[in-house]
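# Reading the structure
What follows is the residue order along each chain.
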Amino acid sequence: MESADEYHGSCRCGQVTLKVKGKPLITMACHCKGCQRMTASAFSLSALFPQESVEITGLEPVIGGMHGELRHHFCPHCLSWIFTRAEMMGPLINIRATMLDSAVEQAPFIETCASEKLSWVTLPARHSYAQFPPMEDFQKLMSEFAQTTG
Ligand SMILES: [Zn+2]
Ligand SMILES: [Zn+2]
């Protein structure tokens, strides 16, 4: 089915811009200590997309956070955390949902690392994982997510 969904977004200073086509594969909140520190907040919000659905223009993002298999990409000027790529995830890109103008209206479908959650935080996520979901759960989660978003 053709989808007309197109989300635009940018970092805080606007010098890195994003254009995303189609719906996310899944939306997530991560409560891990690393996300708490990198967001300076209680959790991170993300929307997972196939690499080919995402167009990044403007300044070249730089690596911050983790520099290994998991790489966090930041605006070189305002240092907003814009997206994450992981070798083991293949051709997927995990956009920080708060960079996008409208995708953030979608509540996180799953929450991860709930064992590190700040005690006062309660999210409406459909599925909660104490750590990260096992890789084999992702296909099931993504098809369930697709059904809920139509
Ligand atoms: Zn910026
Ligand atoms: Zn995290």
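Preceding this section is the structure that the text describes.
Residues numbered from 1 in each chain as written. Chains lettered and ligands numbered in written order. Predicted model: local features only at pLDDT ≥ 70, side-chain atom pairs only at ≥ 80, totals over all residues. Heavy atoms only, no water.

### So, the pattern of salt bridges
In the structure shown here, the tally under the stated rule is four salt bridges. Measuring nitrogen to oxygen at the nearest pair gives 2.7 Å for the salt bridge that ties Asp-5 to Lys-23. With a gap of 18 residues between them, Asp-5 in the segment before strand S1 (6–10) and Lys-23 in the loop between strand S2 (16–21) and strand S3 (26–30) connect regions that are remote in the sequence. (Salt bridge = Lys/Arg side-chain N within 4 Å of Asp/Glu carboxyl O. Helix = DSSP H or I, 4+ residues; strand = E, 2+ residues; numbered from the N terminus.)

### Describing the coordination of the zinc ion (ligand 2)
Protein-derived coordination of the zinc ion (ligand 2) comes from Cys-30 (SG), Cys-32 (SG) and Cys-35 (SG), at a distance range of 2.2 to 2.3 Å. In the primary sequence, the donor residues of the zinc ion (ligand 2) line up as C-x1-C-x2-C. According to the relative accessible area criterion, Cys-30 is buried, its value standing at 10%. (Donors = N, O, S within 2.8 Å, 3.2 Å for Na, K, Ca; no water. Buried < 20%, exposed > 50% of the residue type's maximum accessible area, 1.4 Å probe, protein only.)

### Overview of the sheet that holds S3
Spatial strand order, S6-S7-S8-S9-S4-S3-S10-S11: eight strands in an open sheet with mixed pairing. Edge positions in the sheet fall to strand S6 (62–67) and strand S11 (127–128), since each has one partner strand and no second. Bridge count between strand S8 (residues 81–86) and strand S9 (residues 92–96): two bridges; the pairing is antiparallel. If you follow Phe-83 over to S9, its bridge partner there is Ile-95. Across the face of the sheet, helix H2 (residues 135–149) comes into contact with S3, strand S4 (44–50), strand S10 (110–112) and S11 while running at roughly 115° to S3. (Pairing = 2+ DSSP bridges. Contact = heavy atoms within 4.5 Å. Axes fitted to C-alpha atoms, helices over the stretch in contact; angles between N-to-C directions.)

### Some remarks on the packing of aromatic side chains
With the rule as written, the count across this model stands at two aromatic pairs. Where Phe-74 meets Trp-81, the ring centres are 6.4 Å apart and the plane angle is 20°; that geometry is what we call stacked. No difference in accessibility class separates Phe-74 from Trp-81, as the two residues are buried. Ring centres of Phe-109 and Phe-145 lie 5.3 Å apart, and the angle between their planes is 65°; this geometry places the pair in the edge-to-face category. Residue Phe-109 is located in the loop between S9 and S10, and its partner Phe-145 is located in helix H2; the two are separated by 36 residues in the primary sequence. Just as Phe-109 is buried, Phe-145 falls in that class too. The ring centre of Trp-81 lies 3.9 Å from the NZ or CZ of Arg-96, which sits over that ring. (Phe/Tyr/Trp six-rings, centres within 6.5 Å; stacked < 30°, edge-to-face > 60°. Lys NZ or Arg CZ within 6 Å of the ring centre and 35° of its normal.)

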